[in-house]
Amino acid sequence: MAPAVDHIRSVTEEYLARHPGERDSLTVLFAALAASDDPTSRKTYPAHVTCSAILIDGHRRVLHIVHKASGKTLAPGGHNEPDDRQLRDAALRELHEETGIPPSAVVPLSGYEDIPLDIDVHAIDANPSRDEPAHQHVDFRWAFRLDAEHAVTLQEEEVDGYEWRPFTSAASPTVRAKLALLT
């Protein structure tokens, strides 16, 4: 069963308790939560929820992958699936699918066990071949620490490559800013 609207709303409110200045940027999320469609479904428009894993290694670097579809270098992540009971579960599943790193090799970053490091809203271009209009992703970005050495094994169908970047070079400016605050 996909994450419940109440779970998404609760996680969002906990996040906003730490980042109250970001409430206005999440109006599209609150609209999706108030609608009748499943906010985690990839077919919910004009916006739906996605989840990413911000994976940090022992050298204060963040794992990034190169997505074939977009050519962008981003944190591992994507759409929720019906078996993802919580948002964090989707981030862990996507991390494992795209990089081969299992959930047993990571632990939530201390203080971020039940709250994402970042929530970002970004535009997605229309994709006529999939009959998808332009829409927005509300990406819940969960922070994990690599707890055990594990090789990266890429999902070749969707991923072209990977790199470990220092905090100061993380692809997302909002993630960079939040990582800079970590001790």
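Before going further, it helps to examine helix α2 (residues 27-34). Two residues of an α-helix separated by three or four positions point the same way, owing to the 3.6 residues in each turn. Listed as buried for α2 are V28, L29, A32 and L33. Down the axis of α2, the sector holding all buried residues measures 140°, keeping them to one side. Tucked into the core, α2 has its buried residues touching α1 (5-18), β1 (47-56), β6 (118-124) and β7 (135-146).

This next bit is on the packing of α1 against α2. The contact between α1 and α2 brings their axes to 10 Å, and the two run at 155°. Between α1 and α2, the angle falls in the class roughly antiparallel. In this structure, the crossing between α1 and α2 has a hand that is left-handed. On the side of α1, the interface is formed by V5, I8, R9, T12, E13 and L16, while α2 contributes L29, F30, L33 and A34.

Right, let's get into the environment of V106. Inspection of the secondary structure assignment puts V106 in strand β5 (residues 106-108). For V106, a relative accessible area of 8% corresponds to the buried category. Separated by 41 residues in sequence, V106 and D147 have C-alpha atoms that sit 4.8 Å apart. Contact partners of V106, with chain neighbours within four places excluded, come to L55, L92, L95, I101, F144, R145, L146 and D147.

On to the nonpolar core. Counting residues in hydrophobic clusters, the biggest one holds 43 residues, and the most contacted among them are I101, F140 and L179. With 7 residues, the single largest contributor to this core is β1.

What counts and what doesn't
Residues numbered from 1 in each chain as written. Predicted model: local features only at pLDDT ≥ 70, side-chain atom pairs only at ≥ 80, totals over all residues. Heavy atoms only, no water. Buried < 20%, exposed > 50% of the residue type's maximum accessible area, 1.4 Å probe, protein only. Helix = DSSP H or I, 4+ residues; strand = E, 2+ residues; numbered from the N terminus. Arc of directions from axis to C-beta. Contact = heavy atoms within 4.5 Å. Axes fitted to C-alpha atoms, helices over the stretch in contact; angles between N-to-C directions. Parallel < 35°, antiparallel > 145°, perpendicular 65-115°, else oblique. Left-handed = near helix turned anticlockwise from the far one by under 90°. Core = buried A, V, L, I, M, F, W, Y, C linked by side-chain atoms within 4.5 Å.

Don't take any of this as a statement about function, it's just geometry.
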